[in-house]
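Residues per chain are reported as follows:
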Amino acid sequence: ERSAPSGEGTYDGIEEVAWMDQPNEEHTEQGILKTVEAAGDVTVERALVGVVNGRDVTITQAGAGPIAAQGDVNIQQGGCGPVLVGRDLTIRQGGCGPAMVRGSLSIEQGGTQSVLVAGPATIGRGAFVGLVASPKVTIDEGARVMIGTPGAFAAGAAVGAVVALFARRRRRSR
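Residues numbered from 1 in each chain as written. Predicted model: local features only at pLDDT ≥ 70, side-chain atom pairs only at ≥ 80, totals over all residues. Heavy atoms only, no water.

It is worth spelling out the overall build of the chain at this point. When you go through the chain residue by residue, the secondary structure sums to one helix and 20 strands. Sorting the 174 residues of the chain into buried and exposed places 40% on the buried side. Accessible surface, the chain: about 9400 Å² in total, of which carbon and sulfur atoms supply 54%. (Helix = DSSP H or I, 4+ residues; strand = E, 2+ residues; numbered from the N terminus. Buried < 20%, exposed > 50% of the residue type's maximum accessible area, 1.4 Å probe, protein only. Areas by Shrake-Rupley, 256 points an atom, 1.4 Å probe, with all protein chains shown as cover.)

Direction of pairing for strand β12 (residues 89-92) relative to strand β15 (residues 105-108): parallel, over a ladder of four bridges. Bridge pairing in β15 links Thr90 to Ser106. Alignment of β15 against strand β17 (residues 120-123), held across three bridges, turns out to be parallel. Within β17, the position partnered with Ile107 by the bridge is Ile123. (Pairing = 2+ DSSP bridges.)

The next subject is the nonpolar core. If you look at soluble globular proteins, the nonpolar side chains tend to sit buried side by side. Core analysis: the biggest nonpolar cluster contains 33 residues, and Ile67, Val73 and Leu89 have the highest contact counts within it. Other than its neighbours up to four places away in sequence, Leu89 contacts Val73, Ile75, Cys96, Ala99, Val101, Ser104, Leu105 and Ser106. (Core = buried A, V, L, I, M, F, W, Y, C linked by side-chain atoms within 4.5 Å. Contact = heavy atoms within 4.5 Å.)

What follows covers the side chain of Ser106. Within the fold, Ser106 resides in strand β15. There is a polar contact of 3.0 Å between the side chain of Ser106 and the side chain of Arg92. Those residues within four positions of Ser106 in sequence are excluded, and the remaining contacts are Leu89, Thr90, Ile91, Arg92 and Thr122. (Polar contact = N/O pair within 3.5 Å; in protein donor to acceptor, adjacent residues only side chain to side chain.)

Where burial is concerned, the two faces of β12 differ: the one with Leu89 and Ile91 is buried and the one with Thr90 and Arg92 is not. The pairing of strand β9 (residues 73-76) with β12 spans four bridges and is parallel. Across the sheet, the residue bridging to Ile75 is Ile91, located in β12.

Time to look at the confidence of the model for the chain. Per-residue confidence for the chain averages 80 on the pLDDT scale, and 75% of its residues sit at or above 70. Scored below 50 in pLDDT, residues 1-25 makes 57 contacts in the model with residues more than four places away or belonging to other chains. (pLDDT = per-residue confidence, 0-100.)

Our next topic: the state of the cysteines. For the structure on display, the rule yields zero disulfides. In this structure Cys80 is a free cysteine whose sulfur lies 4.8 Å from that of Cys96, the closest cysteine sulfur available. When its relative accessible area of 11% is taken as the criterion, Cys80 is described as buried. Overall, Cys96 belongs to the buried group, its relative accessible area being 9%. (Disulfide = S-S within 2.5 Å.)

Phi at Gln93 takes a positive value of approximately 50°, unusual for a residue other than glycine. When you line up the elements, Gln93 lands in the loop between β12 and β13 (95-96). Take Gln93: its relative accessible area is 38%, and that puts it in the partly exposed class. In the Ramachandran plot, Gln109 falls in the positive-phi region, its phi being about 50° despite a non-glycine side chain. Judged by relative accessible area, Gln109 falls into the partly exposed class, the value being 45%.

Put into C-alpha cells, the structure is as follows:
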C-alpha cells in the first residue's frame with residue numbers, strides 16, 4: 001500500500017482508488033488507478049487512470065478515462081475520454097474524446113472528436129477537430145476542422161429532428 005502525496009488518501013493494488021480532500025494541495029498520481037477524486041488540483045504523470053475529478057487537472061504523458069474539472073484541464077503528450085471543463089482546455093501533442101468547455105479551447109499538434117466551447121476556440125498547427133461549436137473559432141495554417149460552428153448547429157438540428165421523428169413513430173405504434 002502506498003500513501004497518496006497528501007497523506008490524506010491511500011491506494012493499493014486491490015482498491016486502486018485515490019481520495020484526497022484537501023482543496024489547497026496538489027496531488028500527483030503515477031501507476032494504474034481506477035479513480036482519482038480531489039477537492040484540489042490533480043496531476044497525472046506517466047499513469048493510466050479510469051476517472052479523474054478535481055479542480056484543475058493536468059495530464060502529462062498519461063491516459064485517463066472521463067475527466068470532470070471545475071477549473072482548467074491541460075493535456076500534454078497524453079489523452080483522455082470525455083471531458084467536462086469549468087474553465088479552459090489546453091491540448092498539446094495529445095487528444096481527448098468529446099469535450100464541453102465553459103472557457104476557451106486551445107489545441108496544438110493534437111485533437112478531439114467534438115467540442116462545445118462557450119469561449120473562443122483556437123485550433124493550432126497540426127491540430128484536428130471533428131466538430132467544433134464556439135462563438136469564435138480560429139483555425140491556424142496546418143489545422144483541420146471537419147465541421148465548424150454553422151455545420152455543428154445544423155447537424156444538431158438534423159439529429160434532433162430525426163430523434164423527434166423516431167419518438168413520434170414509436171408512440172404511434174404503441
